[in-house]
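# Overview (structure and organization)
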Amino acid sequence: MASAAAPAPSVRALNCPACGGALELRAAGYSVTVACRYCSSVLDVANPDVRLITRYEEAARQLEIPLGTRGTLDGVEWEVIGYLTRSEHGSYSWEEYLLFNPYHGYRWLVTNGRGWSFAEMLTRAPGGHARGAELDGHSYEIFFSSGQAQVDYVLGEFYWRVQFGEEVVTDDYVRPGWMLSREANETEVSWSLSRLLHPKEMERAFGIAAPAKPWPPLPHQPSPYVGPIQTGLKVALAAFGFLLLIALFFGGGATLLEKNLPVPLSGQSQPATLGPIAVTRPYRLVAIRAYAPGIDNAWIDLDYALVDRATDASYEAYGLAEHYSGRDSDGPWQEGSRARTVKLAAVPRGTYDLVVDFSGNRWPGSSYGYDAPSTYAYGQPLSITVSQGSVFPSNLLLAFILLFAPVLVLFVLHVRFEKARQAESDVGPTGLAAMFNSSDEDDE
Amino acid sequence: MKRSTFLQSLWALLVAGMFTGATFYGYSPFADGGRASPGAAAYGPTHK
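The model shown is predicted, which means the values in this text are computed figures rather than measured ones.

Reading the values: the criteria
- Residues numbered from 1 in each chain as written.
- Chains lettered and ligands numbered in written order.
- Predicted model: local features only at pLDDT ≥ 70, side-chain atom pairs only at ≥ 80, totals over all residues.
- Heavy atoms only, no water.
- Helix = DSSP H or I, 4+ residues; strand = E, 2+ residues; numbered from the N terminus.
- Buried < 20%, exposed > 50% of the residue type's maximum accessible area, 1.4 Å probe, protein only.
- Areas by Shrake-Rupley, 256 points an atom, 1.4 Å probe, with all protein chains shown as cover.
- Expected span 1.5 Å × (residues − 1).
- Contact = heavy atoms within 4.5 Å.
- Core = buried A, V, L, I, M, F, W, Y, C linked by side-chain atoms within 4.5 Å.
- Domains from an automatic or database assignment.
- Buried area = accessible area lost by both parts, 1.4 Å probe.
- Salt bridge = Lys/Arg side-chain N within 4 Å of Asp/Glu carboxyl O.
- Nonpolar A, V, L, I, M, F, W, Y, C, P; charged D, E, K, R; others polar.
- Phe/Tyr/Trp six-rings, centres within 6.5 Å; stacked < 30°, edge-to-face > 60°.
- Lys NZ or Arg CZ within 6 Å of the ring centre and 35° of its normal.

### Observations regarding the overall build of chain A
- For chain A, the count of helices and strands is six helices and 23 strands.
- Taking all 444 residues of chain A together, 47% fall into the buried category.
- Carbon and sulfur atoms provide 53% of the accessible area of chain A, an area that totals close to 21700 Å².

See the structure below:
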């Protein structure tokens, strides 16, 4: 590979000994092999006398990036001097363009049709760990293992004696945005590091329109949802913290009225008017709690009407206190709640009376029910408490769900992306993709 | 600012605004209200 201090190579003209076509050697002095752009014959150009290595009479392909095209990547102008296609014995083919700059050496542009990567040969071997490789402090997970890559087609010039059918064993390791590739044959092992190019980079450099959102994702394609998830979590947490402060400072309640009523379990409806109840803020939530500590196998129907003394406006609600218990073959059981709270929303400031229509009832189906002795004389005690406040806990819960819903949606999309990305891996899913991998998919 | 950040901030602002408004108005979509219609309540234990 040419170093940064190496002299600029001269362009050399030559003729293909197979077809006579005029060729231009762009990296003369560095290139050792040229595939004729007219007949695809492979020529040895390491020496002044051009020698035919392999004769072909195949019309050269029209390349997406023609040889000789120049483009700037990472601030360096590169010239396309070679092109080859490779595959795993005819399957999963990809293309590689060899780029050259006399001061920076060789690079590769690699594409499988769904995206482009910019690769550089490494002069050092990465370290290894249990599930991959490590380079410059970054960890790479194994993605493709022990692939057999062969050269299917070549065009242009190369710095090694490239041959059709040339085979290497490949392993690829990935981290978001980067791929580390190992190629080995009988004589050597080489490593290259490639960076996934943004479609706009390719468009600026070579005028190539690459897919913006390839699907399935490329092995080293970063999930587009990670950043928004992190941002969304921060935003949602900050907003929810703000709401908690609001609830803390403005959610305080005050008891406006407390009364006790005797409720006979006779099934007859009785009215009671409780008041006055002064709502002191422009709009408040008003909570009415009924508690009948002594009922068992009985219920109390409660119809409330909060009536404004000034306007006769009425806010109505329904409550039910009930409790049942018994014993069966499984032992004792009980259900229902002796206390029930109803909440009235947006009650305007004013003075109110609470009109309660209540009726106590005994559950006829129970053979175990009983009433306390006092019930028969005076009825069950029922405590009514009216308080005002401003924060509904349900509002806080709803706000929490709404705030984190976008994060949840993004997380689901991220998992879907990771599962699709890792579906092509030779080593099976890892991380979130493995965590959310269904058993059906495992069986496939 | 990224579009996703902008949209999420806007959404959070909207939710926080609605919650604050509901707090000062004492409002909730889950508030109780209305008298029971005849037969609306089911009485008795569900225990078998």
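Once the structure has been displayed, the description carries forward.
### As for the overall build of chain B
- Regarding its fold elements, chain B presents one helix and zero strands.
- Put simply, chain B shows about 3300 Å² of open surface, and 66% of that area lies on carbon and sulfur atoms.

### A few points about helix α2 (residues 226-250) of chain A
- Compared with an ideal rise of 1.5 Å per residue, which puts 25 residues at 36 Å, α2 of chain A spans 36 Å between its outermost C-alpha atoms and is within 8% of the ideal.
- The set of residues buried in α2 of chain A consists of P228, I229, G232, V235, A236, A239, F240, L243, I246 and A247 of chain A.
- Where α2 of chain A is buried, its residues meet α4 (393-422) of chain A together with α1 (3-25) of chain B.

### Comments concerning the nonpolar core
Residues and elements named next belong to chain A.
- Ranked by size, the top nonpolar core spans 30 residues in total, and within it I288, Y304, L354, L382 and I384 carry the most contacts.
- Mapped onto this core, the elements with two or more residues apiece are β17 (254-263), β18 (270-291), β19 (298-308), β20 (314-328), β22 (339-362) and β23 (380-389).
- Setting aside residues up to four positions removed in sequence, I384 forms contacts with L257, E258, K259, L261, L274, I288, R289, A290, Y304 and L354.

### Overview of the domain arrangement of chain A
Residue and element names in this part refer to chain A.
- Segmentation of chain A into domains returns domain 1 (12-222), domain 2 (223-251 + 399-444) and domain 3 (254-364 + 373-390).
- Each of domain 1 and domain 2 has a C-alpha centre, and the two are 37 Å apart.
- Facing 15 residues of domain 1, the contacting portion of domain 2 comprises twelve residues.
- For the pairing of domain 1 and domain 2, the buried interface totals around 1200 Å² over both sides, and the portion due to carbon and sulfur atoms is 56%.
- The interface formed by domain 1 and domain 2 includes one salt bridge.
- With its nearest N and O atoms 3.3 Å apart, the salt bridge here joins R114 to E424.
- In terms of residue count, strand β13 (residues 138-158) provides more of the side of domain 1 that touches domain 2 than any other element does, five residues in total.
- For the side of domain 1 that touches domain 2, the per-class residue count stands at ten nonpolar, two polar and three charged.

### Considerations on the environment of L98 of chain A
All names here are of chain A.
- Here L98 is to be found in strand β8 (residues 91-101).
- On the basis of relative accessible area, L98 is assigned to the buried category, the value being 0%.
- Counting along the chain gives 177 residues from L98 to G275, while the straight-line C-alpha distance between them is 89 Å.
- Contact partners of L98, with chain neighbours within four places excluded, come to E79, V80, I81, G82, Y106, R107, W108, E157, F158 and Y159.

### Here we look at the packing of aromatic side chains
Residue and element names in this part refer to chain A.
- Summed over the entire model, instances satisfying the criterion amount to 20 aromatic pairs over all chains.
- Aromatic side chains F100 and Y106 sit 4.9 Å apart centroid to centroid with 45° between the ring planes, which places their arrangement in the tilted category.
- Taking the relative accessible area as the measure of exposure, F100 reaches 4% and is therefore buried.
- For Y106, a relative accessible area of 2% gives the class buried.
- An aromatic cluster of at least three residues, connected via ring pairs, comprises Y30, F100, Y106, W108, F158, Y159 and W160.
- Positioned above the aromatic ring of Y291 is the side chain of R289, whose terminal nitrogen or guanidinium carbon lies 5.1 Å from the ring centre.

### A short note on the interface of chain A and chain B
- Contacts between the two partners involve 48 residues from chain A and, on the opposite side, 33 residues from chain B.
- Of the roughly 3400 Å² buried where chain A meets chain B, counting both sides, 66% is carbon and sulfur surface.
- Along the contact surface separating chain A from chain B lie zero salt bridges.
- Listing elements by their share of the side of chain A that touches chain B, those giving two or more residues are α2, β18, β19, β20, β21 (331-335), β22 and α4 of chain A.
- The residue inventory of the side of chain A that touches chain B, partitioned by class, reads 33 nonpolar, six polar and nine charged.

### Digging into the pattern of salt bridges
Residues and elements named next belong to chain A.
- This structure, assessed with the given rule, holds 15 salt bridges over all chains.
- With a shortest N-O distance of 2.8 Å, D353 and R309 are connected by a salt bridge. With D353 in strand β22 and R309 in the loop between β19 and β20, this pair connects stretches of sequence that are 44 residues apart.
- What emerges from the salt-bridge pattern is a single network uniting E24, R26, R70, E77 and E79.

### Overview of the environment of L402 of chain A
- Along the chain, L402 of chain A turns up in helix α4.
- By relative accessible area, L402 of chain A is classed as partly exposed at 26%.
- For the pair formed by L402 of chain A and A236 of chain A, sequence separation is 166 residues and the distance between their alpha carbons is 9.1 Å.
- Beyond its immediate chain neighbours, meaning those up to four positions away, L402 of chain A contacts W11 and V15 of chain B.

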